[in-house]
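Tertiary structure, described
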Amino acid sequence: MKLREDLIDLYLDGALTAEAAAELNAWVKASPEHAEEFARRTFIHRRIYENLQKLDLAQIMQQPSSGGPVFIEVGDLDESRESFAAIIEDGEEPGVDPPFTDLAAQEGGLPSLYQSTTDALTKQKYVTALSYVLRHIFTPKRVAILATAAAVLLGVVLAIVFLDGDQGEHEFADEPALPDSIIEKPSTKPVVAFLTAERDAEWDSQPDLELRPGQQFSLTQGFAEITTASGAVVILTAPATFELTDNDNAIYLSSGRLFGRCETASSKGFLVSTPSAQILDIGTEFGVDVNEHGETLTHVFQGEVEVRPVGNSTSELIRLVTNQALAVDSDGKAQVVDAAPQRFVRVVPSTTYQTAVLASRPMCYWRGPIVEDTRVLLDNGWLGAHGQASGSSLNHPEGHSDEDGSGSLEYRSAELASSVTVPYREEFGFNDKGFSISAWCWIEPGHQDVMRILSTRVKGGGIGLGVIGRGENATGGLPASAPILTLFGKSDVVATTAMPEGRWTHLAVTVSQADQVRIYIDGEEVQTHTIPHPKDAGQPGDADTQPLMIGRNPFTGQGVQAWQGRLDEIAIFDRFLPLEEIQKHLHSTRQAP
Amino acid sequence: MTQPYDSKRRDLAVLWTKAQPNVSAFVSSLVGDFHDAEDIIQQVAAVVAERFDDYDPERPFVAWAIGIARNKVYNYFRSSGRDKHVFDSEALGDIADAFQRIEPDLTEARAALDECMKKVQGKTRQVLELRYVRELKPSSIADKMGMKDNAVYVMLHRLRGALTTCVKNKLGRSWGQP
């Protein structure tokens, strides 16, 4: 391949003749390698521009408000002995490039002065473009901050426009001061992470979208999500203080809690450092909690991590696997402790309803939508029991409220095979604290059969939640669409009040430690019933480790009992929830009109 | 209280922030005037934000964004008359494809080039600032610096070559052709 950097450079500097232009056009088309070489060379050109613009902007920002423009003394440049035409005529390849110092001429006189400022229009357009993109992406609050920054910057820029001349000295008149609290000084440090989501977040100092090394942030309230350049996703729960390092696959957590998810190849080996430990992710999901004494607790949700205690040189790497936890004290002493998944929130809530539900620390929380390519339904509860969808698309664009933009699960009557399967987990079994289930339901009007919201088989029995039908399978005398909680082989509890059809309705079922079942429709209690303790049903056998299914009954002997309509925000809590807590969830939502 | 984020807006933020430098490089490779290039990049950003729902996540985002940029550049060529551009539509397509193919390369090279830029000092840097910050033509730079026009072209040519070599060395492997 013959390089034509000479032609490309003449093109970039606007000096191509018509003939040379035709030659360059033909050369680019001659092979893909030529086009790539052109792309590389012009990339260098573009990046020089960006680099110098960035530095120049930084210089302007850092000028004191009372200061004038910066004048840089320019010395004579030695003329090259070689003319550019000669290079072209000789067909000389650049070959070994001279050191950069050779490019600079010898020191000479001081014949001219020039003002080192960016062209004002460029900067104005840059700010406008940035504002435009951000307006489409970010919150009004953030845009307001940016708009203020843009306005102030524009003030500076306009001052430069009026004073900018080809040569000669000028004074700045009434240059506006730049409030440091509003505009972060541009940094030439590389961006290592992005602030990708926040909810009810309060910061001691509001971070920018792009996060660079050496910045420390304190999240004083709410939730925030950071995505590193390597692709690791970190959910921070307030209060938390953290800092980013030069490594774009690492974070330093001074205090507070984070949940980390590393699913991309480039985020493998994601490193969390704390005052007392270094945690290296090998698998996919883990939580780190640093308390006020600098003690670190690490819990692995899924996969593996390696923990290296700090300050104890004799300590070895400790490998943790799924559902194991390790505490390291401030002296570097490590100790295996009970699993502690409930400490961590694994997602930033996007609605007030989700914020309220997550505050109750659900064991499982399937809120959708189904991930398009993998067909996975993520569990945002602490158990992390992700489901696998089968059948045609289950994603409906509308959620249960006008605030919920993430859609819902849709089950069409014509496609009875659609369902979500969640692999068996021991935690689905009964404990001594009772349990609770809640969900938003949209029932297809006029459905005939019993329909399941969810069903599973655990410890000798099983559990099912759904509504009864109006056809042959209907329970005698009870209204269609009345909620039913089934403890297989033990007891059915059916409400005497039906759920409305054709609109979103909130359903909650709680089972207390005293085995009392309560059913609530839109926060109103419609049934109370005491059942035999479900645990008495016996120990699990091989046949009892069945998956949990959302939207159908796993036991085909009783029919599929497929849901018809939509489901959203399905949550299981491994404890009894009092009425006040359920109402708190419910009242936090803004229902669609 | 902030507004809820949905995952699409979050995806767009991350994807655009990562892709924008390469989209800008593509546009600047075809539109010599940096102001005009910034205008086009702004238009591309607007279309990307408006049409993000149409984006197929199985395709590389940068390829999609460069596809949009290609159309914008083509429209710019058409509206600004033939004398303003060098490349025909076939070459335009080849260049867009090339930028998509070498996108990971460019992403890596960016940080390396920033490091290399620190080595550019003295008068070479001053010529560079006149060219890229003041955006002067080489003939104006020559006037200001008391140089011949050709000397400015040679200096810019050599500097780009030196930066390319520096990037190759920093990446510790070949970067494009030797």
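Located above this text is the structure these notes cover.
Everything numeric here is computed off the predicted structure, so don't read it as measured data.

1. Digging into the pattern of salt bridges
- Counted by the stated rule, this structure contains 33 salt bridges over all chains.
- A salt bridge links Arg 131 of chain B to Asp 13 of chain A; the nearest nitrogen and oxygen atoms lie 2.8 Å apart. Residue Arg 131 of chain B is located in helix 6 (residues 122–132), and its partner Asp 13 of chain A is located in the loop between helix 1 (5–12) and helix 2 (18–30); the two belong to separate chains.
- Accessibility expressed as a relative area gives 6% for Asp 13 of chain A, which makes it buried.
- Here Arg 412 of chain A makes a salt bridge to Glu 410 of chain A, at a shortest N to O gap of 3.4 Å.

2. Some words on the environment of Gln 448 of chain A
- Looking at where Gln 448 of chain A falls in the secondary structure, it is placed in the loop between strand 22 (435–443) and strand 23 (451–456).
- Distance from Gln 448 of chain A to Ile 468 of chain A, taken between C-alpha atoms, is 8.6 Å for residues 20 residues apart in sequence.

3. Observations concerning the state of the cysteines
All names here are of chain B.
- Scanning the model with the defined rule gives one disulfide over all chains in all.
- Disulfide partner of Cys 116: Cys 166, at an S-S distance of 2.0 Å. Between Cys 116 and Cys 166, the S-S torsion sits near -90°, and that sign places the bridge as left-handed. Of this pair, Cys 116 sits in helix 5 (residues 103–117) while Cys 166 sits in helix 8 (residues 149–171), placing them 50 residues apart in sequence. Residue Cys 116 shares its accessibility class with Cys 166, and that shared class is buried.

4. A word on the sheet that holds strand 26 (residues 491–494) of chain A
All names here are of chain A.
- The strand order across the open sheet built from eight strands is 17-18-21-30-23-24-25-26, with neighbouring strands paired in antiparallel fashion. Two strands in the sheet have a free side with no partner beyond their single neighbour: strand 17 (376–377) and strand 26.
- When strand 25 (residues 483–487) meets strand 26, the two strands line up antiparallel, connected through four bridges. Following the sheet pairing, Thr 486 is matched in strand 26 by Asp 492.

5. Observations concerning helix 8 (residues 352–359) of chain A
Residue and element names in this part refer to chain A.
- Among the eight residues in helix 8, seven count as buried, and that is most of the element.
- Residues Thr 352, Tyr 353, Gln 354, Thr 355, Ala 356, Val 357 and Leu 358 constitute the buried set of helix 8.
- Looking at the residues trailing helix 8, positive phi occurs at Arg 361, about 50°.

6. Regarding the pairing of strand 9 (residues 277–281) of chain A
All names here are of chain A.
- Because side chains alternate across strand 9, one face comprises the buried residues Ala 277, Ile 279 and Asp 281, and the other comprises Gln 278 and Leu 280, none of which is buried.
- Sheet topology note: the strand 8 (residues 271–273)/strand 9 ladder contains three bridges and is antiparallel. Across the sheet, Val 272 pairs through a bridge with Ile 279, a residue of strand 9.
- Connecting strand 8 to the antiparallel partner strand 9 that follows it, the hairpin turn spans three residues.
- Direction of pairing for strand 9 relative to strand 12 (residues 304–309): antiparallel, over a ladder of five bridges. Bridge pairing in strand 12 links Ala 277 to Pro 309.

Rules used throughout
- Residues numbered from 1 in each chain as written.
- Chains lettered and ligands numbered in written order.
- Predicted model: local features only at pLDDT ≥ 70, side-chain atom pairs only at ≥ 80, totals over all residues.
- Heavy atoms only, no water.
- Salt bridge = Lys/Arg side-chain N within 4 Å of Asp/Glu carboxyl O.
- Helix = DSSP H or I, 4+ residues; strand = E, 2+ residues; numbered from the N terminus.
- Buried < 20%, exposed > 50% of the residue type's maximum accessible area, 1.4 Å probe, protein only.
- Disulfide = S-S within 2.5 Å.
- Pairing = 2+ DSSP bridges.

Everything listed here is a matter of geometry and, on its own, says nothing about what the molecule does.
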